[in-house]
Every structure is written in C-alpha cells, then in structure tokens.
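Architecture at a glance
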Amino acid sequence: VNISGRKGREFAGRLPATVGGAVLGLGTASEDTRRGTMAGLTILERTPEGAAVRGGVEDNFALRGSNSGVDHRTKASTMLVSHETGLVVYSSSEGVCVKDSRNGAYNVVFEAKMKHTVGLDVSPLGSFLVTYQRPNKDEPDAKNLKVFRIGSDEIGEDGEPAPCFSQPQKQASQDAWPLYQFDKDEEHLYRAVANEVHAIKTSDFAGGIAKKLRAKGLNCFAISGGSEPKIAVYCPEAKGAPGCVQIFDVKHDFSSAAKSNPTPSARRSFYRSSRAKLLWNSTGTSLLGWAFSDVDATNQNYFGEQSLHFLSSDGEREQLVELKDGPIHDVKWAPNGQHFVAVHGFMPAKATLFDKKCKPIYDFGSGPRNTVEWSPFSRFLIIGGVGNLPGDIEFFDKKADGKCKAMGKVRAACTVGCQWAPDGRHLLTSTTSPRLRVDNGFKVFHYNGDLVHEAKHEVLLQVEFGPSQAGDFEDRPASPERVKRGLQQA
C-alpha cells in the first residue's frame, strides 16, 4: 500500500469541443485566462503507463511533449506532489526520482535505485527526502527508513546516493506517516520512540539524539508552524486513566537530560479514545485533537466513536467542540489559520464554520456531504459528498464577517477526490482506481461550478494540480456575473 501523501475558459452555453476523448475548454478565452491565472497551472496525472504533466487551458490540457513523438512519462507507482517546495517525487520498481517543477522544466534533482519504496515525504524547505521501503524478511535488520539530503553529491559503497540518516522500521501505516517530522527551519528532525520524542540536528545526524521530550504512553505527535513552534503529543487512555493531548514548547521543553518532565503549556484529558489525529492551524496558535475509539459506547455507530477537542497553544482555552451526534466526516483548517470547518453527524451531515477561538459562526445546513476543502487564499471553500455519496459539491465565498455566500453547485458523480488549484479559482475532481474501476477521469471547474475541462481515462491512478511558485497568483474576489450564473445553473 502506498503511504505517501502528505496544494479557464468561460462556459458560454455552447457545447464543448472534444479532442481525443477529452472535453476541452470553449471558444474564447475568459477573463481568468487573459489574466494568466489558468495559463500558469499544470496538472500531474499517474496512470499504469507512468506519470505525466498536462498543460493548462492555453494548451488544451494536452500532455507535455505529446507532439514530439517522445514518451515523456515517468515510471511511477507512487507520486508525491510538494506544493510548498515545488518538488515532485516519483517511486517505481526501478527507484526514486525527484523533479523540480519551479522553472517549469521538471528537471531531475535526485535519483536513487531503491526497490519497494512505498513511503515518500519532503521536508518543509525541500532540503531532505524521506523514504520508506517494505521490510525484507531475508534482511530483518536492514535500514529501510532513510533520509537523503537533496542536492548532496555524497555516494555510498553501492554507487548510489548515501542517506544522511537511516534506521530499520518494521511497520509504517498510512495513518502514522510521515514517521519523521521537521521544524519549519529544518534545524531538527523529530521521531517518536517509546514514551519519548527525539530531536536530531540535521547539521549533525552522526551526533545522534540532541535532545528529547518525555511523554509517557506517547502514541503520536505533531510539530506546529509559526514563529514559535510547538509540539502536540497524544497519549491514549490506559489502565483507567483518560487519554490526553498536551502541548509543549519546542525550544524550551526539550532537554538533553536523562530525566526531564516539563509542564505542558496546554492539556486536555478525555475518555473513550484509542488513537487521534493532531491538526495544527498554520500559525501554531490553535490545535484540534480528532479522537477515535474503536467501540461506540452508545451502540449507534458500528465503526466506533469520535470526538473533536480544541486547545489554544497558550493554555487559555481547551474544550470539547460541540457537534451533532454521529461520526466526524472531515475537519479542515483554513490555510490562514483563522477558521476551521467540521462536517459531522449522521447523514444528512451538518457542516459548521468555527473561528480560531472555536466559536461557531456559520451553519451550512445539512446534506449528503463528507468533505470540505479550502482554497489556498482561504477565500473560497467547497463542501461536498464524495466516495459513496452522490457527488454534490457546493461552492461558497467566506466573507470578512464570517458569513458564507453560496456561489454555485454541481453534481460530479463518482468523485473520489477533489483539490483546489494554486490560483484559488479552480477545482479539480477525480475518479480514480482502485477506488473505482469504471468511469475514470477528472474534471476542472470554476469556483462557481462552471465546467472548464473534462478528461476520461481507461485507468487513472492519481491526478493533482502541479506546484506553483509563491507570487504566481493573487487573491481576488469572485466575479458577481460569474456567481449569478453559477446560482442560476445550480
């Protein structure tokens, strides 16, 4: 199982042109195309034949290099797109390859022959690549979890790039990935071991553990962003004691002493939890602890019980987030860290917008939905029902006062995933294998629901917008005419 993962033209009422089985953009270029917002976008797709790059509207979303007669696909069984760094990482049976998309040329910046690589991650500044290979039963002590310095010319005895750090790792689940985390300046690498989080200096991997944080019963941790990074740790309930989420200061609470028990700046305890997801906002001032229990004490949900907990990093506020009875389908912070949306409750599920102090400020109502996605500028968002739901997607514009204005609604049947473009004005929806083995393909919509492009595939494994450079796009409000048309077509 791959565990990598960790960011047009107007519809004028005419029928779209079709080329090579794909529905293309229409006749004249729209306002967005003239301003270049869609022209600078690319789409990365992965099929059984390999991974390829598609152009934007001005290229009719054609495959790059398709007219040259040369196969420009990269062999890939896994593809990781790092929007923060502009790097794209591919792994295949032959090895691992990293390409830099920032100049548009997708030049190779790292290559290594590595078999059975299923886990990929890139550090915040793009200096380090983390890889995980499936354990080999014939070599139980082999170091299969590795860290490489991208751009290093250090070569190992096998003639391949030498890792700057490595260790044996028997298991690495998708929920626990990535196993290594970095602070925003990449000064330290952090890893969890029994009851401790270890920090290792990236400038001196050979020096071993530089400092550590002790947390009895540690299950998972998360490093925040922001100017003063924090670390959140989760410990599940055990022997009658409740589970808890604690927040510590990365700079001051780690210690090189053998025994150190710092006092957390924030803490929240709760029962009925065996695992959790820790979700920081982008500024590191607020944390959401999404707790899971394998057993529902009320016997209402076969898949167990869930709860959502809010903590401010300074300890001034910690509380249970009041939600509708039933499962929590999705929770997402806005990229600017000022708001979050939770989709919650038995179907029809509710969706609620909260501010950074966990105060509910807008109710989106109820419907068949299980997904929320924010645009990169935190202006637009969609709430939809993907997977086993009909595929209804609603587009909203979040105003300064917290209220959200509907901009359009579409039904993208059989959608299993969706993603905003880096320009914050287009949405990509996809139907991919192996989740669905029929009707594979992707669609691109404007922020009001107008269809810009549709492409169909026999088998599509993965599709994402390509990375863009900071400053390529600017935040702009919605066009009243476009919103009016979207609401009329909804």
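Residues numbered from 1 in each chain as written. Predicted model: local features only at pLDDT ≥ 70, side-chain atom pairs only at ≥ 80, totals over all residues. Heavy atoms only, no water.

**Description of the sheet that holds strand β7 (residues 96-100)**
The test is simple: Should DSSP find at least two bridges between two strands, the strands are taken to pair. Each helix is a run of H or I in the DSSP string that is no shorter than four residues. Each strand is a run of E no shorter than two, and both are numbered from the N terminus. Each axis is a line fitted through C-alpha atoms, taken for helices only over the stretch in contact, and angles between the N-to-C directions span 0 to 180 degrees.
Pairing in this open sheet of 4 strands is antiparallel, and the strands run β5-β6-β7-β8 from one edge to the other. Because the sheet does not close on itself, it has two edges, and the strands there are β5 (78-82) and β8 (107-112). Here the average twist between neighbouring strands, direction ignored, is 15 degrees. Pairing of β7 with β8, which is carried by 5 bridges, proceeds in the antiparallel orientation. Following the sheet pairing, Cys97 is matched in β8 by Glu111.

**Examining the pairing of strand β36 (residues 451-456)**
In this sheet, β36 lies alongside strand β35 (residues 441-446) in antiparallel orientation, the contact comprising 5 bridges. Within β36, the position partnered with Lys443 by the bridge is Glu454. Connecting β35 to the next strand, β36, in antiparallel fashion are 4 residues, including Gly449 with a positive phi near 100 degrees.

**What to know about the side chain of Gln181**
Quick reminder of the rule: Distance and chemistry together define a polar contact, namely a pair of N or O atoms within 3.5 Å, with one atom able to donate a hydrogen and the other to accept it when in protein, and with adjacent residues in sequence counting only for side-chain atoms on both sides. Between two residues, a contact is recorded if the distance between any of their heavy atoms is within 4.5 Å.
Along the chain, Gln181 turns up in strand β13 (residues 180-182). At 3.0 Å, the side chain of Gln181 forms a polar contact with the backbone nitrogen of Ile223. Residues contacting Gln181, with those up to four places away along its chain left out, are His188, Leu189, Tyr190, Phe221, Ala222 and Ile223.

**A word on the environment of Arg435**
Note the threshold: Type-normalised accessible area, obtained with a 1.4 Å probe on protein chains alone, sets the label of each residue: buried when under 20%, exposed when over 50%, and partly exposed for intermediate values.
Mapped onto the elements of the fold, Arg435 is located in the loop between β34 (426-431) and β35. When its relative accessible area of 52% is taken as the criterion, Arg435 is described as exposed. Residues Arg435 and Thr415, spaced 20 residues apart in sequence, show a C-alpha to C-alpha distance of 10.0 Å. Not counting residues within four places of it along the chain, the set of residues in contact with Arg435 comprises Gly387, Asn388 and Val416.

**Remarks on the sheet that holds strand β24 (residues 318-320)**
Read from one edge of the open sheet, 4 strands run β21-β22-β23-β24, paired in antiparallel fashion. Looking at which strands have only one partner, the edges of the open sheet turn out to be β21 (275-280) and β24. On average, each strand axis in the sheet is inclined to that of its neighbour by 20 degrees, with strand direction left out of account.

**Describing the nonpolar core**
The condition that has to hold: The set of buried Ala, Val, Leu, Ile, Met, Phe, Trp, Tyr and Cys residues whose side-chain atoms join them within 4.5 Å is what this entry labels a nonpolar core.
Ranked by size, the top nonpolar core spans 15 residues in total, and within it Val130, Leu145, Val147, Trp177, Tyr180, Leu189 and Phe205 carry the most contacts. Of all the secondary-structure elements, those providing two or more residues to this core are β10 (128-133), β11 (145-149) and β13. Considering every element that reaches this core, the biggest residue donor is β10, with 3 residues. Aside from chain neighbours lying at most four places away, what touches Tyr180 is Asp121, Val130, Leu145, Val147, Phe165, Gln167, Leu189, Tyr190 and Arg191.

**Side note on the confidence of the model for the chain**
Under the convention used in this document: The predictor rates its confidence in each residue with pLDDT, a number between 0 and 100.
Here the chain averages 86 in pLDDT, while 88% of its residues score no lower than 70. Counted against residues more than four places away or in other chains, residues 6-38, with its pLDDT under 50, gives 87 contacts.

**Concerning helix α3 (residues 480-489)**
Here is the rule: Comment: arc refers to directions from the helix axis out to C-beta atoms.
Buried within α3 we find Arg482, Val483, Arg485 and Gly486. In an axial view of α3, the angular spread of the buried residues amounts to 165 degrees, which keeps them on one side of the axis. In α3, the exposed residues that point more than 90 degrees away from the buried face are Pro480, Glu481, Lys484 and Gln488.

**Focus: the environment of Glu84**
With respect to the element layout, Glu84 can be found in the loop between β5 and β6 (87-91). Given a relative accessible area of 53%, Glu84 falls into the exposed group. For Glu84 and Leu125, which are 41 residues apart along the polypeptide, the C-alpha to C-alpha distance reads 7.5 Å.

**Quick look at the side chain of Lys99**
Here is the rule: All tallies of charge rest on Lys and Arg as positive and Asp and Glu as negative; His and the ends of each chain are not included. Here, a salt bridge means any side-chain nitrogen of Lys or Arg that lies within 4 Å of a carboxyl oxygen of Asp or Glu.
By secondary structure assignment, the location of Lys99 is in strand β7. For the buried Lys99, which has no salt bridge, the nearest side chain bearing the opposite charge is Glu111, at an N-O separation of 7.9 Å. Here the side chain of Lys99 touches Thr74 through a polar contact of 2.8 Å, side chain to side chain. Aside from chain neighbours lying at most four places away, what touches Lys99 is Thr74, Gly86, Leu87, Val88, Tyr90, Tyr106, Asn107, Val108 and Val109.

**A look at the pattern of salt bridges**
Proximity of charged atoms lets side chains of opposite charge pair with each other. If you walk through the whole model with that rule in mind, you get 17 salt bridges. For the salt bridge of Glu45 with Arg54, the shortest nitrogen-to-oxygen distance reads 2.8 Å. For Glu45, a relative accessible area of 0% puts it in the buried group. With its nearest N and O atoms 2.7 Å apart, the salt bridge here joins Arg485 to Asp450. Highlighted residues: Arg485 in helix α3 and Asp450 in the loop between β35 and β36, separated in sequence by 35 residues. Pair check on accessibility: Arg485 and Asp450 agree, each one buried. What you see here is one network of salt bridges that share partners, running through Glu45, Arg54 and Arg73.

**Some points on unusual backbone geometry**
Cis rather than trans, the peptide bond between Met347 and Pro348 has omega equal to 0 degrees. Secondary-structure assignment places Pro348 in the loop between β26 (339-344) and β27 (349-355). The residue after Ser433, namely Pro434, is reached through a cis peptide bond having omega 5 degrees. Note that Pro434 resides in the loop between β34 and β35. Positive phi is not limited to glycine here, since Lys239 has a value of about 50 degrees.

**Side note on the packing of aromatic side chains**
Using the following cut-off: Centres within 6.5 Å make a pair out of two Phe, Tyr or Trp rings, where for Trp the six-membered ring is used; the pair is then stacked when the planes are under 30 degrees apart, edge-to-face when over 60, and tilted otherwise. In this scheme, Lys NZ or Arg CZ marks a charge over a ring once it lies within 6 Å of the ring centre and within 35 degrees of the ring normal.
For the structure on display, the rule yields 16 aromatic pairs. Between the aromatic rings of Phe128 and Phe182, the centroid separation amounts to 5.6 Å while the plane-to-plane angle is 15 degrees, which identifies the pairing as stacked. A residue pair is termed long-range when its members are at least 10 positions apart, and Phe128 in strand β10 and Phe182 in strand β13 qualify at 54 residues. Of the two residues, Phe128 and Phe182, neither departs from the other in class, the shared state being buried. We note Lys277 situated over the ring of Trp290; from NZ or CZ to the ring centre the distance is 5.1 Å.

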